Structure formats: structure tokens, C-alpha cells
Amino acid sequence: MNAVDPVITRHDLFMTRNYPRYAITMVEGRGCVLTDTAGRKYLDLFSGFGAGILGHCHDDLVAAATKQINKLWHVGNLLHTEPQTRLAEEISAKGFKGRSFFCHSGSDANEAAFKLARLYGQGRRYKIIATLGSFHGRGFAAMMATGQDKVRTGFAPFLEGFEHVPYNDIKAVARAIDDQTAAIIVEPIQGEGGVNVPDADYLSELRRLCDEQEILLIVDEVWTGCGRTGRWFAYQESGIEPDIMTLGKAVGCGLALGVMCAHPRVADQFDSSVYGGVPHATTLGGNCIATAVAARMFEVIERDGLLKRAATLGESIMTRLREFGDKTGLIKQVRGRGLFIGVELASEGAWFDKAADVVNRCLESGLLIGSAQTHVLRLAPPMIVTDEQVDQGLTQLEQILQGGA
Ligand SMILES: Cc1ncc(COP(=O)(O)O)c(C=O)c1O
């Protein structure tokens with residue numbers, strides 16, 4: 001690590017210091033390998049919080065970006081562009097025949113979803129039910145939906161109309177619904193909350209409840225979408241369709257892109273002719289380069305059979321870690337789906353206290369993984385990770401958990 005790296009010194013002078021960054025500056029990425037200023041290599045099994053779904057500088061994405069960069073960047077959303085339409089078509093075909101609104105981040109996408117839900121509720125129904133432990137972003141509404149108080153500290157006064165219920169508790173949702181409820185927002189698998197996988201019937205029960213009560217089901221697929229769990233979208237595991245789906249992270253493959261995709265019946269409320277003006281907008285939403293790359297990402301995942309690969313590779317990673325946990329007692333639980341994996345650590349008697357201790361040690365030895373909450377490690381490798389890289393990373397992680405380097 002290089003504490004006197006001028007990039008870091010200048011960062012401290014010229015950038016807000018809101019991120020508790022490591023003293024490492026990355027200069028290059030290729031596949032699942034990053035290189036820092038000192039030329040040191042890191043195996044990336046976290047994909048930059050899930051965004052690098054096809055790794056770094058994937059040839060097909062570089063080609064798609066380059067082609068688009070040389071052709072057209074931005075025209076404003078009063079004109080049509082082919083990459084936007086193509087991406088919307090991909091999302092509709094892979095998902096539930098919805099219509100897409102493009103923005104820049106997962107938080108943005110959720111803000112759009114809440115505005116659409118309020119329009120759909122026609123002033124009578126405006127409340128959003130969300131779950132404890134959830135994460136939906138940092139915008140003023142997304143922050144309110146997030147089921148973790150720490151994201152709101154210092155930001156009062158708050159936007160009204162958000163209520164939280166325990167995750168994976170259908171009865172609690174039923175109790176929370178009243179005649180002002182517009183929607184429930186839920187992650188198919190909670191990410192920042194600790195990779196919490198709900199019961200197999202949770203989403204289908206939520207769907208049933210939403211239908212009965214005529215409220216909207218919003219699935220936040222910002223972490224789970226675009227193939228990470230072995231399906232295009234994680235809700236598909238439950239055999240249901242949401243009314244609204246939000247995407248971020250992986251959909252842009254590392255470029256700034258968020259998507260709010262709604263069933264046409266609901267999306268109609270965002271129709272400028274229905275609303276009588278522009279109900280929601282953002283200047284750069286769906287810019288040509290990000291959407292061209294995103295559309296290509298869907299094609300590459302399909303062409304290379306990466307959904308199946310994510311499902312089977314994820315199973316084998318989880319099996320190996322469970323066996324390691326049984327042998328060593330260092331792991332309480334391994335959970336997840338596909339390449340979205342949480343490892344709850346057992347710290348009693350171990351050298352580490354928190355998951356962050358392990359993440360730090362991994363980084364020192366050239367392995368990038370993440371953590372969630374206090375005791376959960378997160379693995380979310382790019383879908384192009386090789387068997388050898390997985391073996392290398394897991395061997396390194398197992399050694400580190402046992403106190404080695
Ligand atoms: C499930 C979920 N939704 C929304 C967000 C917010 O996305 P962004 O950071 O792109 O605003 C996140 C970010 O981690 C997330 O995990």
C-alpha cells in the first residue's frame with residue numbers, strides 16, 4: 001500500500017472524503033484482475049459492489065462502447081436513439097414485458113419507482129412499505145425506504161410515507177397495509193442487509209397479497225439483476241412478475257446507468273400525454289454509450305451461457321465454503337444464490353472479530369472481497385471468473401480465515 005501516492009494526497013485536498021477508502025490507487029483492470037500504481041495485482045471477487053458483472057474491460061463491451069463513442073454520445077431525451085430503445089427491448093424481453101425509464105443509479109431508479117407508484121395511487125395511495133435491513137439507496141426517498149437507520153442520521157426532516165416491516169415476514173406486510181398503501185418494495189435477496197435469502201414462497205406470497213390489496217410490488221434488483229443469481233432477474237426464481245423492477249450496478253457494467261422498468265398498465269402513469277406534461281425526467285438518463293454497453297452485456301451473457309455458469313459455479317463455491325466451515329468452525333452460515341454469496345463468520349476463538357478484519361487482510365494479500373453488516377463476507381465475482389481464479393481466491397480466503405496470509 002502506498003500512503004504517499006500523490007493521487008491520494010490530491011484526493012484528500014480536492015474531493016469530499018465521504019468514502020472510507022483504502023490507501024490504494026487502481027490504475028488498470030482486465031477480466032477479474034486489477035492492478036495498482038505499484039504494479040501489484042488483485043483478484044477481484046467483488047466486482048466493485050456488483051457493478052462489474054462482466055469484469056473489467058471485457059472485449060465485447062469495449063467494442064460496443066468504442067463503436068458508440070465514435071458515433072453518437074448524447075442528444076437529449078426529446079429525440080430517440082437506437083441504443084436506448086434496444087436496451088429497453090432487451091430488458092422487456094428478458095423480464096416481464098415492462099417499459100423502461102433510464103437514469104443513472106440504483107437510488108435514482110428507486111426514486112423513479114416511488115414517484116410512479118404515487119402517480120398510480122392517484123393521491124389516495126402514497127405509502128411505501130419496505131423491509132428492515134434493506135438498502136435502496138441514498139436519495140431522499142430511497143434513503144427513507146432503506147431499512148437501516150444509519151443512512152438517515154443527520155438528514156431530517158424526512159420525507160413521509162415510508163414504513164418498515166421485518167424481511168421474510170408476510171404477516172407483517174399484511175398488517176402494515178392500509179388504504180393509503182401504494183406499494184411494497186423488496187429485494188429478492190437482501191444484499192447490504194447481509195445476503196439474506198427469504199423463504200421460497202416469500203415473493204409469491206407478496207405477489208398474492210399485492211393483488212388482493214391492489215398495491216404495487218416493486219422488486220429492487222439493483223444487486224440481484226442481470227444474471228448475478230443465475231437468472232436474468234432474481235424474482236424469476238419465484239415464478240411471479242413484479243409491477244415495477246429497478247436495476248442499477250450490473251446493468252451499466254461499471255458505467256452510470258439505472259433502470260426503472262414498469263408493467264405497461266403502471267408505466268402509463270409516466271406517459272406525458274396522460275400526465276399532461278413531463279412527470280419525471282433526467283437529462284443524461286439513458287445516454288447512448290451506457291445503453292449500448294448494457295444492451296451488449298445482455299447479448300454476451302446469453303451467447304456465453306453465463307446464467308447457467310453463474311448458477312452452477314455459485315453452488316460449487318457455496319458447497320466448498322460450507323465444507324470448510326464444517327471442518328474449521330470458522331463459518332456460521334453460507335447463503336446466497338448464483339454468484340451472490342454471503343458468508344456469515346463465526347468469530348469466537350478466531351483471530352478476526354469482524355468481517356471487515358478479514359476483508360482488510362484479504363486486500364493486503366491481493367484479494368478483493370466485500371462485507372455486509374458486522375459478520376458477513378460477500379463474494380460477488382464477475383460472471384466471467386474462471387475456475388482457476390475461483391480456486392485461487394477461495395484457497396487464499398480459507399488460509400486467511402485460518403490466520404495465514
Ligand atoms: C438493493 C440496492 N438498491 C439500491 C442501491 C443503490 O444503488 P446506487 O448505489 O447505484 O444508488 C443499492 C446499492 O448498494 C442496493 O444494494
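Attention here is on the structure that accompanies the text.

On to the site of the ligand. Taken together, the neighbourhood of the ligand is formed by 13 residues, with G106, S107, D220, W223 and K249 sitting nearest. Between the ligand and G106, the relevant distance is 2.9 Å, taken from an oxygen atom to a main-chain nitrogen or oxygen of the residue. At 2.7 Å from a nitrogen atom of the ligand is found a side-chain nitrogen or oxygen belonging to D220. In isolation the ligand exposes 390 Å². Once the protein is present, 82% of that is buried. Considering each element in turn, the shell around the ligand owes the most residues, 3 residues, to helix α5 (residues 106–120). For the shell around the ligand, the class distribution of residues is 3 nonpolar, 6 polar and 4 charged.

All right, on to the environment of C261 then. Looking at the secondary structure, you find C261 in strand β10 (residues 258–262). With 161 residues separating them along the chain, C261 and S100 place their C-alpha atoms 4.1 Å apart. Residue contacts for C261: discarding those within four places in its chain leaves I91, F96, G98, R99, S100, D243, I244 and M245.

Right, let's talk about a nonpolar patch on the surface for a bit. On the surface, L13, F14 and M15 cluster together to form a nonpolar patch covering roughly 390 Å² of accessible area. For F14, the position within the fold is in helix α1 (residues 6–14).

Overall, the coordinates contain 11 aromatic pairs when judged by the stated rule. Residues F114 and F162 carry aromatic rings whose centres are separated by 5.4 Å and whose planes lie at 80° to one another, so their mutual orientation is edge-to-face. You can see F114 sitting in helix α5 and its partner F162 sitting in strand β6 (residues 162–165), a full 48 residues away along the chain. For the residue pair F114 and F162, the accessibility class agrees, reading buried in each case. Through a chain of ring-to-ring contacts, three or more aromatic side chains come together here, namely F96, W232, F233, Y235 and F298. Of note, R361 hangs over the ring of W351, and the distance from its end group to the ring centre comes to 3.9 Å.

Moving on: helix α11 (residues 288–303). Within an α-helix, residues lying three or four positions from one another point in the same direction, as the helix has 3.6 residues per turn. Its 16 residues place the ends of α11 22 Å apart at the C-alpha level, agreeing with the 22 Å of an ideal helix rising 1.5 Å per residue. Counted residue by residue, α11 has 12 buried out of 16 residues, so it is predominantly covered. Taken together, the buried residues of α11 touch α3 (59–69), α4 (82–94), β4 (99–103) and α12 (306–328). Taking the backbone nitrogen of I289 as reference, a side-chain oxygen 3.0 Å away marks N287 as the first, capping residue of α11.

The strand order across the open sheet built from 4 strands is β11-β12-β15-β14, with neighbouring strands paired in antiparallel fashion. Strand pairing shows two members of the sheet lacking a second neighbour, β11 (331–337) and β14 (370–372), which therefore form its edges. Geometrically, the sheet is characterised by an average inter-axis angle of 25° between neighbouring strands, direction not taken into account. Against the sheet, α12 touches β11, β12 (340–345) and β15 (376–379), its axis set at about 175° to β11.

For the peptide bond that leads from A156 to P157, omega is 0°, which places it in the cis range. In this structure, P157 sits in the loop between α6 (140–145) and β6. With a phi angle near 60°, K97 is a residue other than glycine that sits in the positive phi range. You will see that V195, though not glycine, has its phi angle at about 55°, which is positive. Locating V195 in the fold gives a position in the loop between β7 (181–186) and α8 (202–213). What makes V195 buried here is its relative accessible area of 0%.

Pairing in this open sheet of 4 strands is mixed, and the strands run β1-β2-β3-β13 from one edge to the other. For this open sheet the edge positions go to β1 (26–30) and β13 (367–368), each flanked by a neighbour on one side alone. Summarising the sheet, strand β3 (residues 41–44) and β13 pair through 2 bridges and their orientation is parallel. Across the sheet, residue D44 finds its bridge partner in β13, namely L368.

The rules behind these values
- Residues numbered from 1 in each chain as written.
- Predicted model: local features only at pLDDT ≥ 70, side-chain atom pairs only at ≥ 80, totals over all residues.
- Heavy atoms only, no water.
- Near = heavy atom within 4 Å.
- Polar contact = N/O pair within 3.5 Å; in protein donor to acceptor, adjacent residues only side chain to side chain.
- Areas by Shrake-Rupley, 256 points an atom, 1.4 Å probe, with all protein chains shown as cover.
- Helix = DSSP H or I, 4+ residues; strand = E, 2+ residues; numbered from the N terminus.
- Nonpolar A, V, L, I, M, F, W, Y, C, P; charged D, E, K, R; others polar.
- Contact = heavy atoms within 4.5 Å.
- Patch = residues over 30% accessible without salt bridge, like charges linked within 9 Å, V, L, I, M, F, W, Y side chains within 5 Å.
- Salt bridge = Lys/Arg side-chain N within 4 Å of Asp/Glu carboxyl O.
- Phe/Tyr/Trp six-rings, centres within 6.5 Å; stacked < 30°, edge-to-face > 60°.
- Buried < 20%, exposed > 50% of the residue type's maximum accessible area, 1.4 Å probe, protein only.
- Lys NZ or Arg CZ within 6 Å of the ring centre and 35° of its normal.
- Expected span 1.5 Å × (residues − 1).
- Pairing = 2+ DSSP bridges.
- Axes fitted to C-alpha atoms, helices over the stretch in contact; angles between N-to-C directions.

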